[in-house]
There are 4 protein chains.
Amino acid sequence: MKIGLIGLGSMGVGIAHNILKAGHTLTVYNRSKDKADSLLAEGAIWAASPRALAQGQDAVITMVADDNALQAVTLGEEGLLAGLGQNAIHISMSTVSQALVESLVAVHERHGSGLVSAPVFGRPDAAAAGKLFVAAAGKAEHITQVRPVLEAVGQKLFEVGEQPPQAAVVKLIGNFLISCVIEGLGEGAALAEKAGVAPEKLLEVLTGSIFGAPVYQIYGNLIATGGYMKPGFALPLGAKDNRLVLQAAEAHDVPLPFASVVRDRFVRGMAQGLSGADWSAIARLAREDAGLKH
Amino acid sequence: MKIGLIGLGSMGVGIAHNILKAGHTLTVYNRSKDKADSLLAEGAIWAASPRALAQGQDAVITMVADDNALQAVTLGEEGLLAGLGQNAIHISMSTVSQALVESLVAVHERHGSGLVSAPVFGRPDAAAAGKLFVAAAGKAEHITQVRPVLEAVGQKLFEVGEQPPQAAVVKLIGNFLISCVIEGLGEGAALAEKAGVAPEKLLEVLTGSIFGAPVYQIYGNLIATGGYMKPGFALPLGAKDNRLVLQAAEAHDVPLPFASVVRDRFVRGMAQGLSGADWSAIARLAREDAGLKH
Amino acid sequence: MKIGLIGLGSMGVGIAHNILKAGHTLTVYNRSKDKADSLLAEGAIWAASPRALAQGQDAVITMVADDNALQAVTLGEEGLLAGLGQNAIHISMSTVSQALVESLVAVHERHGSGLVSAPVFGRPDAAAAGKLFVAAAGKAEHITQVRPVLEAVGQKLFEVGEQPPQAAVVKLIGNFLISCVIEGLGEGAALAEKAGVAPEKLLEVLTGSIFGAPVYQIYGNLIATGGYMKPGFALPLGAKDNRLVLQAAEAHDVPLPFASVVRDRFVRGMAQGLSGADWSAIARLAREDAGLKH
Amino acid sequence: MKIGLIGLGSMGVGIAHNILKAGHTLTVYNRSKDKADSLLAEGAIWAASPRALAQGQDAVITMVADDNALQAVTLGEEGLLAGLGQNAIHISMSTVSQALVESLVAVHERHGSGLVSAPVFGRPDAAAAGKLFVAAAGKAEHITQVRPVLEAVGQKLFEVGEQPPQAAVVKLIGNFLISCVIEGLGEGAALAEKAGVAPEKLLEVLTGSIFGAPVYQIYGNLIATGGYMKPGFALPLGAKDNRLVLQAAEAHDVPLPFASVVRDRFVRGMAQGLSGADWSAIARLAREDAGLKH
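Residues numbered from 1 in each chain as written. Chains lettered and ligands numbered in written order. Predicted model: local features only at pLDDT ≥ 70, side-chain atom pairs only at ≥ 80, totals over all residues. Heavy atoms only, no water.

### Digging into the overall build of chain A
Here's step 1: A count of helices and strands for chain A gives 13 helices and 9 strands.
Here's step 2: Here the C-alpha atoms of chain A give a radius of gyration of 20 Å, agreeing with the 19 Å that 2.2 N^0.38 yields for 294 residues.
Here's step 3: For the C-alpha atoms alone, the extent of chain A along its principal axes is close to 60 × 45 × 35 Å.
Here's step 4: Counting every position in chain A, which comprises 294 residues, the buried fraction comes to 64%.
Here's step 5: Contacts spanning at least 24 positions in sequence make up 64% of the contacts within chain A whose residues lie at least 6 apart.
Here's step 6: Taken as a whole, chain A presents about 9,800 Å² of accessible surface, with 51% of it coming from carbon and sulfur. (Helix = DSSP H or I, 4+ residues; strand = E, 2+ residues; numbered from the N terminus. Rg over C-alpha atoms; globule rule 2.2 N^0.38 Å. Buried < 20%, exposed > 50% of the residue type's maximum accessible area, 1.4 Å probe, protein only. Contact = heavy atoms within 4.5 Å. Areas by Shrake-Rupley, 256 points an atom, 1.4 Å probe, with all protein chains shown as cover.)

See the structure below:
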């Protein structure tokens, strides 16, 4: 297939490699071109703008930072929509607001093109390894059309429903639950340490028993080793996703007390100079609150 | 080995069956004798008191409701300690306070006997199937002495450390983290439902990707099906464990904001007539807060 | 002075009466004209649009529901700015976002007119009685220019600073603290009642001792009598102000844990059918959580 | 009247002075005698034990640190009860648990003596000035009997009810609400400062309008000046009262979300070395969370 990809952050680059590896023709665009170097060396084609990129593609993937960035690369004179063919599909993989996805559904309907919302679970190393989990929502025929691409980038594809916003909300809830795992582990690890149990030992029991899931292994390890200063998913992005889930919840009149606690952690992290850290650094705040040094 | 077991609630009965199945000689005691019927039919012996039960055993397991019950069956004229031999081991499997385990260490030291704190993870069905996870702490020689029993009741044995209170605190943190999973899933499922995503679909994505751990499967299923009115672990016991982890945390000067949120849920559950429900019923409160009917 | 007033909700009408009473010439505008009837009978003049209203005034007061409403009546072809004289002052009394006030400062600077941000504390009865508290911020000469009006509507005028956004943030913090009083009293009254102390008795002690402030008298009385179903300040407006203070706090990287708790109350109130109630109805949720009936 | 007073902390000494000033005969007891020096100079009599102190008194006041201290000076061989006459009254002024007051009611009933629970609102300077607020509960005839003493120490006496525990719970709720004022002001002052409003200006508006109560003046001033390192009421005592109100609330199945937030502040304060500070130092934690320096 002929695929375009906009957004070459640490996630986008990993996804791009796997699309090339699967034998598709890939055109890429990014605000700063240097991020594309390794991909161009592997055979990817460079496009000068989202619009130029979209021309002639079967599908265009967007993997950008937030709502504003997605709007910027999609709409406007140089946006992808201006170049996208009527039967082509826009695969939106970014974690963005449910509201924006709703509005893009309408935009694509008018344009004649299709929208598949396909946010992914997994950190940059999973993206590089093609081990992402993809949660896709959109019309059945649209998903069928792009299934080879979705399968190329992930180890597993979930079809969430026929409405693109459904996948957006599943992704936001998923990230919310990851943030809850981080906060819970952060609190628990602080208590363990002060009560004379090494965090590694606590984790061994947890992940070896009923908490044996990647999310506990990954974040447990980051917390036990204090490795949260090297960002896999930067704290301001975590703060953004927290804001998005609270907004979605407010739009649907759903209180989320845990998200509120986590919100206060992220805001404090921003205030205390952790903008450059991984979002798991909120666990460091739990340690501080317990009087523990880093 | 010759084993005594005090406490035949739904957890204790399951444990007892597996000890018998492993070929040990088992003597049992419970406040009300009728709970012992099936075990006596399988060859267990009845004792008239904890003291009588303890006499001549290699090890005595206690699996009772709370701190008060553990003190009652351990200390006093008719307590197990009065009958326990000097080289025998007390295996405390109940979820109790770190402070009580600390005091029992001293009690056993004076008595000449050993204490192994060995709380378990798993619900009654896991106890019946011998599939519990056992987190044990105590002197290495004590654990070695009772290893066959610990292995008979669980699918996996974790050695947490040489100090019995270490296992108590690991168990409290584990239960705290389960309560966080319940609360998080309850909030997330309510949002999913109001945003047009079936909770089952949400769970399929979560447990099929990075949340693929028993704790998400078990509680996710209870929440998605609204099955929390049939108690596997009753809400007042959840409230008790929440109180214990907050007490342990306070003793060590560790704030636990998530445990505080969960505390308010449990207290409200008690006030609103959910004392007979499973502890996962706190997720029902999250549903109510979102204006959803049961 | 020649004064225009836009927005004849329960607060605006009270303010209008006091401006007339002080002898000023008053022109009014409201989306629905019937709210103006009593004022026209007292000598107020009707204007067909914000633009028409603004022409020839010394000052124009806006007292509207939210950011959107304030933008609508201020900007655009029929907005007040299109009619406002270069030396006239816009007195913004609505509770709106700090960000909007900032942008209006720039707008007025370009226009040559002045902006005084002058939000008020007090409920409709205080507005009717001219007993509001006015917190004003703006250039000293602008405040001097409109002082007679500010003094006509309030019992006391506070000059907060030279930057209009300063008054906006003081107002948001004030409303945040009122919401904290409501939540605290709601929790305390529920405990008092279940512990055998009549809420009236609790309030007598509190307001007769160190809590002797109007905010405790007013909201304590609403809570003790369950009078929160008759809105003086509707719950959705409370929810809006909570959102605004959380936004301002996020913009400045300030966590507000109490505001987060209150946020969850408001969202739940919206979900559970309390949109028509007074914002003090969040205290009813505290009662419910304690298992108390209304 | 002949009055005994046990407990010469900063509150007890102030109370003692005002009893002497009112012309009563005062006997005092304290764990360390040096605290009594100034009172003995004014004519107070020293007693060697609570029991010795209680003999021949019309009433004995206890003003001690916590439940344990109150039990210690009341019960046992050398406790006040052993010396107290059958028609004498025990006036318990300490902030203690509702549960302890309940048990003391029974103890005094068996003894033939009376119990008046009379906790006070006010800090040491108010105690010294005789400006405390006294919330008393007990049988009407008991309160009548000791009214002159209660009036000597306070500026105002509230009769809360006929059951001594009622006053205990009113006091706990009062202290809970003060802690809410501190937390709310701490959060609000941090936001004000980062948004360019001096905390003093914020306070001027608040206390000059609808928040014009001593509790806002006192704690607002402590927060605005950062004066919380000089303890009027030490943080561990605040933590204790928070624990007591949460316990009372749990006993009555009443969730207190605000008390839970404040609890986490106090626990963190203990962990971070603020045990020697005033309880208002939790506002310093709100500042820290916003990235502000002390």
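### Considerations on the interface of chain A and chain B
Here's step 1: Contact residues are listed per partner, giving 60 residues for chain A and 60 residues for chain B.
Here's step 2: For the pair chain A and chain B, the two sides together bury roughly 5,000 Å², of which 78% comes from carbon and sulfur.
Here's step 3: Here chain A and chain B share 13 residue pairs in polar contact (both at pLDDT 80 or more) between them.
Here's step 4: Going through the elements one at a time, β8 (132–137), β9 (154–161), α8 (164–194), α9 (199–208), α10 (214–225), α11 (235–251) and α12 (257–271) of chain A are the ones with two or more residues in the side of chain A that touches chain B.
Here's step 5: Of all the elements, α8(A) adds the most residues to the side of chain A that touches chain B, at 19 residues.
Here's step 6: For the side of chain A that touches chain B, a count of residues per class yields 40 nonpolar, 10 polar and 10 charged. (Buried area = accessible area lost by both parts, 1.4 Å probe. Polar contact = N/O pair within 3.5 Å; in protein donor to acceptor, adjacent residues only side chain to side chain. Nonpolar A, V, L, I, M, F, W, Y, C, P; charged D, E, K, R; others polar.)

### Digging into the relation of the copies chain A and chain C
Here's step 1: For these two chains of identical sequence, chain A goes onto chain C by a turn of 180 degrees and a shift of 0.0 Å along the axis, with RMSD 0.0 Å. The two molecules are tied by a two-fold rotation axis, judged by turn and shift. Looking at the rotation axis and the C-alpha trace of chain A, the residue lying nearest is Ser260(A), at 2.8 Å.
Here's step 2: When the interface residues of chain A are mapped onto chain C, 100% of them again fall at the interface, so both copies present the same face. (Least-squares fit on C-alpha atoms with pLDDT ≥ 70 in both.)

### Structural notes on the relation of the copies chain A and chain B
Here's step 1: Once chain A has been moved 0.0 Å along the axis and rotated by 180 degrees, it coincides with chain B to within an RMSD of 0.1 Å.
Here's step 2: In this assembly, 100% of the residues forming the interface of chain A have copies in chain B that are likewise at the interface, indicating an isologous arrangement.

### Remarks on the packing of aromatic side chains
Here's step 1: Within the structure shown, the criterion is met by 24 aromatic pairs over all chains.
Here's step 2: Arranged with centres 3.6 Å apart and planes meeting at 10 degrees, the rings of Phe258(C) and Phe258(D) form a pair that is stacked. In this pair, Phe258(C) sits in helix α12 (residues 257–271) while Phe258(D) sits in helix α12 (residues 257–271), so the two residues belong to two different chains.
Here's step 3: We classify Phe258(D) as buried; its relative accessible area is 0%.
Here's step 4: Taken together, Phe211(A), Tyr216(A), Phe211(B) and Tyr216(B) form an aromatic cluster joined through their ring pairs.
Here's step 5: Positioned above the aromatic ring of Phe121(A), the side-chain terminus of Lys171(A) is 4.6 Å from the ring centre. (Phe/Tyr/Trp six-rings, centres within 6.5 Å; stacked < 30°, edge-to-face > 60°. Lys NZ or Arg CZ within 6 Å of the ring centre and 35° of its normal.)

### Topic: the interface of chain A and chain C
Here's step 1: Between chain A and chain C, the contact holds 15 residues from the first and 15 residues from the second.
Here's step 2: Carbon and sulfur atoms make up 50% of the surface buried where chain A meets chain C, a total of about 1,400 Å² over both sides.
Here's step 3: Our count for the contact surface shared by chain A and chain C stands at 4 salt bridges.
Here's step 4: Applying the counting rule to chain A against chain C returns 8 residue pairs in polar contact (both at pLDDT 80 or more). (Salt bridge = Lys/Arg side-chain N within 4 Å of Asp/Glu carboxyl O.)

### Details of the UniProt feature "domain: 3-hydroxyisobutyrate dehydrogenase-like NAD-binding" (unreviewed entry) in chain A
Here's step 1: Using the residue numbers shown here, the UniProt feature "domain: 3-hydroxyisobutyrate dehydrogenase-like NAD-binding" (unreviewed entry) corresponds to residues 167–285 of chain A.
Here's step 2: For residues 167–285 of chain A, the end-to-end C-alpha separation is 31 Å, with 72% helix and 0% strand making up the annotated structure. (UniProt positions renumbered as here; feature names shortened; annotations may be inferred.)

### Brief notes about the environment of Val254(C)
Here's step 1: Relative to the helices and strands, Val254(C) is located in the loop between α11 (235–251) and α12.
Here's step 2: Contacts of Val254(C), omitting those with residues within four sequence positions, involve Val267(A), Ala249(C), Glu187(D), Ala190(D), Leu191(D), Lys194(D) and Ala290(D).

### Structural notes on the pattern of salt bridges
Here's step 1: Using the criterion set out here, one finds 59 salt bridges over all chains in the structure.
Here's step 2: Put simply, Glu204(A) and Lys201(A) hold a salt bridge, and the shortest N to O gap is 3.3 Å. Of this pair, Glu204(A) and Lys201(A) both sit in helix α9, 3 residues apart, roughly one helical turn.
Here's step 3: Residue Lys201(A) is classed as partly exposed on the basis of its relative accessible area, which comes to 23%.
Here's step 4: In this structure, Arg287(C) engages Glu193(C) in a salt bridge whose closest nitrogen and oxygen atoms are separated by 2.7 Å. Of the two residues, Arg287(C) is situated in helix α13 (residues 282–289) and Glu193(C) in helix α8 (residues 164–194); the sequence distance between them amounts to 94 residues.
Here's step 5: Take Glu193(C): its relative accessible area is 31%, and that puts it in the partly exposed class.
Here's step 6: One salt-bridge network, in which partners are shared between bridges, spans Glu183(A), Arg265(A), Arg268(A), Arg284(A), Glu288(A), Asp289(A), Glu183(D), Arg265(D), Arg268(D), Arg284(D), Glu288(D) and Asp289(D).

### Some words on the domain arrangement of chain A
Residue and element names in this part refer to chain A.
Here's step 1: Here chain A is partitioned into domain 1 (2–162) and domain 2 (169–289).
Here's step 2: The gap between the C-alpha centroids of domain 1 and domain 2 is 28 Å.
Here's step 3: Contacts between the two partners involve 14 residues from domain 1, matched on the other side by 20 residues from domain 2.
Here's step 4: Summed over both partners, the interface of domain 1 with domain 2 buries about 1,200 Å², with 64% contributed by carbon and sulfur atoms.
Here's step 5: For the pair domain 1 and domain 2, the number of links is 1 salt bridge.
Here's step 6: With a shortest N-O distance of 3.0 Å, Asp278 and Arg123 are connected by a salt bridge.
Here's step 7: Here domain 1 and domain 2 share 6 residue pairs in polar contact (both at pLDDT 80 or more) between them.
Here's step 8: Split into classes, the residues belonging to the side of domain 1 that touches domain 2 amount to 8 nonpolar, 3 polar and 3 charged. (Domains from an automatic or database assignment.)

### Structural notes on helix α4 (residues 67–74) of chain D
Residues and elements named next belong to chain D.
Here's step 1: When α4 is considered as a whole, its buried residues turn out to be Asp67, Leu70, Val73 and Thr74. An end-on view of α4 places all buried positions within 140 degrees of arc, on one side of the element. Exposed residues pointing more than 90 degrees away from the buried face of α4 are listed as Asn68 and Ala72.
Here's step 2: Buried residues along α4 sit in contact with β1 (2–6), α3 (50–54), β4 (59–62), β5 (89–92), α5 (98–111) and α11 (235–251).
Here's step 3: A positive phi of about 85 degrees marks Gly76, the residue just after α4. (Arc of directions from axis to C-beta.)

### Description of the pairing of strand β4 (residues 59–62) of chain A
Residue and element names in this part refer to chain A.
Here's step 1: Of the two faces of β4, the one carrying Ala59 and Ile61 and the one carrying Val60 and Thr62 are both buried.
Here's step 2: For strand β1 (residues 2–6) and β4, the ladder comprises 4 bridges, and the chain directions are parallel. Its bridge partner lying in β4, Gly4 is registered against Val60.
Here's step 3: Pairing of β4 with strand β5 (residues 89–92), which is carried by 4 bridges, proceeds in the parallel orientation. (Pairing = 2+ DSSP bridges.)

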